[in-house]
Amino acid sequence: MSINCQAVSKRFGPTLALDQVSLTLEPGHIYGLLGNNGAGKSTLLSILTDRQRPDGGTVTVDGLPVRNNDAALHKVFLVGDQNFFPDEMKVKRALQTVSLFYPDFDLEKAMDLAKQFGLPLKKKMPQLSTGYASIFRLILGLCVNTPYVLFDEPVLGLDAQHRQLFYRLLVETFMARPCTILVSTHLIDEVENLIDYTYILREGRLLRQGPTEELVGQAVCLSGPAGLVDEYTRDKTVLTSHSLGGLKTVTLQGTVEEPLPLGLEKSAMGLQDYFIRLQEAEDRAAARREEERHDEP
């Protein structure tokens, strides 16, 4: 039982949007799909749900290929940025209509969530603000009860109160009926405590993956006098380095031995810090490769 994506690639003209991406989404997890804008997150989700066709690779849901396969696609629900309802349809009627296509859709819960979010049920779909259109789609994802629910940038346009309400309801929904949830977002600090397994995309490549706690534990921040930091890190893998006056802060790949030399301080990293440092390290590596290319005779 899983969504299995193997060596998926997708090109748009000269741009390689996805490059041999492989991942597996298993039951009982809340996954995070992280990446900067343009990393390929939305393209990947579109391919997982057969809204776009890959140029290479395969996608299966519980062993069934997704391509033109209603039996597979009926198990997956994508919360994206579009509402597929007639313009004249009112919000309440749209919620009722979903239950015709998804028999396990919990209409009673949807109506309760609409009240909690303040969603205006009597408005026609095009009359919803950007925020309330997002809320409408989130309610669908929270109530559809398919085995796999994918959220693509779910809280864009929502204020802080509604974002927190969504995160709380997401956890409550997952605990009440465990399923497979994937949240694709660049708001990493807001989802760090929700996701237990993380995929990091960069320029169409799967850069890192693993249990969130393990990923964060793979790096550590170290700070102190520049000379002391340089001496201590001479034989270690430094991801990033920043200096200010005589002080220096570095991010190390791996762990450090305790106790540290006097004058050095270690600090743990959150997922967002790890993501940022990883991107900085990749930027520097790309810049070095570009310089070497230009230096070639």
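Residues numbered from 1 in each chain as written. Predicted model: local features only at pLDDT ≥ 70, side-chain atom pairs only at ≥ 80, totals over all residues. Heavy atoms only, no water.

Enquirer: Kindly report on helix 4 (residues 107-117), identifying the contributing residues and their values.
Expert: Along helix 4, the residues that are buried comprise Ala-110, Leu-113, Ala-114 and Phe-117. End-on view of helix 4: buried residues confined to an arc of 105 degrees, all on one side of the axis. Of the residues in helix 4, the exposed ones pointing more than 90 degrees away from the buried face are Glu-108 and Lys-115. Along its buried surface, helix 4 packs onto helix 5 (130-143) and helix 6 (160-176). Phi for Gly-118, located one or two positions after helix 4, is positive at around 75 degrees. (Buried < 20%, exposed > 50% of the residue type's maximum accessible area, 1.4 Å probe, protein only. Helix = DSSP H or I, 4+ residues; strand = E, 2+ residues; numbered from the N terminus. Arc of directions from axis to C-beta. Contact = heavy atoms within 4.5 Å.)

Enquirer: Let's hear about a positive patch on the surface: which residues, and what values?
Expert: On the surface, a cluster of positive charge is made up of Lys-90, Lys-92, Lys-122 and Lys-124. With respect to the secondary-structure elements, Lys-124 resides in the loop between helix 4 and helix 5. Looking at Lys-124, the relative accessible area reads 35%, which means it is partly exposed. (Patch = residues over 30% accessible without salt bridge, like charges linked within 9 Å, V, L, I, M, F, W, Y side chains within 5 Å. Areas by Shrake-Rupley, 256 points an atom, 1.4 Å probe, with all protein chains shown as cover. Salt bridge = Lys/Arg side-chain N within 4 Å of Asp/Glu carboxyl O. Lys, Arg positive; Asp, Glu negative; His and termini not counted. Charge placed at Lys NZ, Arg CZ, Asp CG, Glu CD.)

Enquirer: Could you give an account of the sheet that holds strand 4 (residues 56-61), naming the residues involved and the relevant values?
Expert: Sheets are built from strands that pair by backbone hydrogen bonding, the pairs being arranged parallel or antiparallel. A sheet is described by the order of its strands in space; here four strands give the open sequence 2-1-4-5, paired in antiparallel fashion. What marks the edges here is a single partner per strand, and that holds for strand 2 (15-25) and strand 5 (64-65). The pairing of strand 1 (residues 3-12) with strand 2 spans seven bridges and is classified as antiparallel. Paired with Ile-3 across the two strands is Leu-25, which belongs to strand 2. (Pairing = 2+ DSSP bridges.)

Enquirer: So, the nonpolar core: which residues are in play, and what are the values?
Expert: If you look at the biggest cluster of nonpolar residues, it comprises 58 residues, and the most contacted ones within it are Phe-105, Phe-136, Ile-139, Phe-151 and Phe-166. In terms of residues, this core owes the most to one element, helix 5, which gives eight residues. Residue contacts for Phe-136: discarding those within four places in its chain leaves Asn-83, Phe-85, Val-91, Ala-94, Leu-95, Leu-119, Met-125 and Leu-128. Counting residues in each nonpolar core, the second largest holds 26 residues, with Ile-3, Leu-23, Leu-78 and Tyr-199 among its members. (Core = buried A, V, L, I, M, F, W, Y, C linked by side-chain atoms within 4.5 Å.)

Enquirer: Go over the packing of helix 4 against helix 6, please, and point to the residues and values.
Expert: Where helix 4 contacts helix 6, the two axes come as close as 11 Å, and the packing angle between them is 155 degrees. Our classification of the angle between helix 4 and helix 6 gives roughly antiparallel. For helix 4 against helix 6, the interelement crossing comes out right-handed. Contact residues: Lys-109, Leu-113, Gln-116 and Phe-117 in helix 4; His-162, Leu-165, Phe-166, Arg-168, Leu-169 and Thr-173 in helix 6. Among the residues making up the contact of helix 4 with helix 6, the classes are represented as five nonpolar, three polar and two charged. (Axes fitted to C-alpha atoms, helices over the stretch in contact; angles between N-to-C directions. Parallel < 35°, antiparallel > 145°, perpendicular 65-115°, else oblique. Left-handed = near helix turned anticlockwise from the far one by under 90°. Nonpolar A, V, L, I, M, F, W, Y, C, P; charged D, E, K, R; others polar.)

Enquirer: Quick one: what's the story with empty space enclosed by the protein, residue by residue and with numbers?
Expert: By the definition in use, this model includes one cavity of 30 Å³ or more. Along the walls of the largest cavity sit Gly-141, Leu-142, Asn-145, Thr-146, Val-149, Phe-151, Leu-170, Thr-173, Arg-177, Cys-179 and Ile-181, which together make up its complete lining. A breakdown of the residues in the lining of the largest cavity according to their chemical character gives six nonpolar, four polar and one charged. (1 Å grid on protein atoms, 1.4 Å probe; cavity = no way out; pocket = protein on both sides within 12 Å on 5 of 7 lines; lining within 4 Å. Points joined across faces, edges and corners; volume = space filled by probe spheres on them.)

Enquirer: Pulling in residues and values, what's your account of helix 6?
Expert: Between the first and last C-alpha of helix 6 there are 24 Å, a value that for 17 residues agrees with the 24 Å anticipated at 1.5 Å per step. Check the buried side of helix 6 and you find it contacts strand 3 (29-34), helix 4, helix 5, strand 7 (148-152), strand 8 (180-185) and helix 7 (188-191). (Expected span 1.5 Å × (residues − 1).)

Enquirer: Describe in detail the environment of Lys-236, supporting the description with residues and values.
Expert: Mapped onto the secondary structure, Lys-236 falls in the loop between helix 9 (226-232) and strand 12 (238-244). With 19 residues separating them in the primary sequence, Lys-236 and Thr-255 have C-alpha atoms 9.8 Å apart. In terms of polar contacts, Lys-236 uses its side chain to reach the backbone carbonyl oxygen of Tyr-232, at 3.3 Å. Looking at Lys-236, its side chain comes within polar contact range of the side chain of Asp-235, at 3.5 Å. (Polar contact = N/O pair within 3.5 Å; in protein donor to acceptor, adjacent residues only side chain to side chain.)

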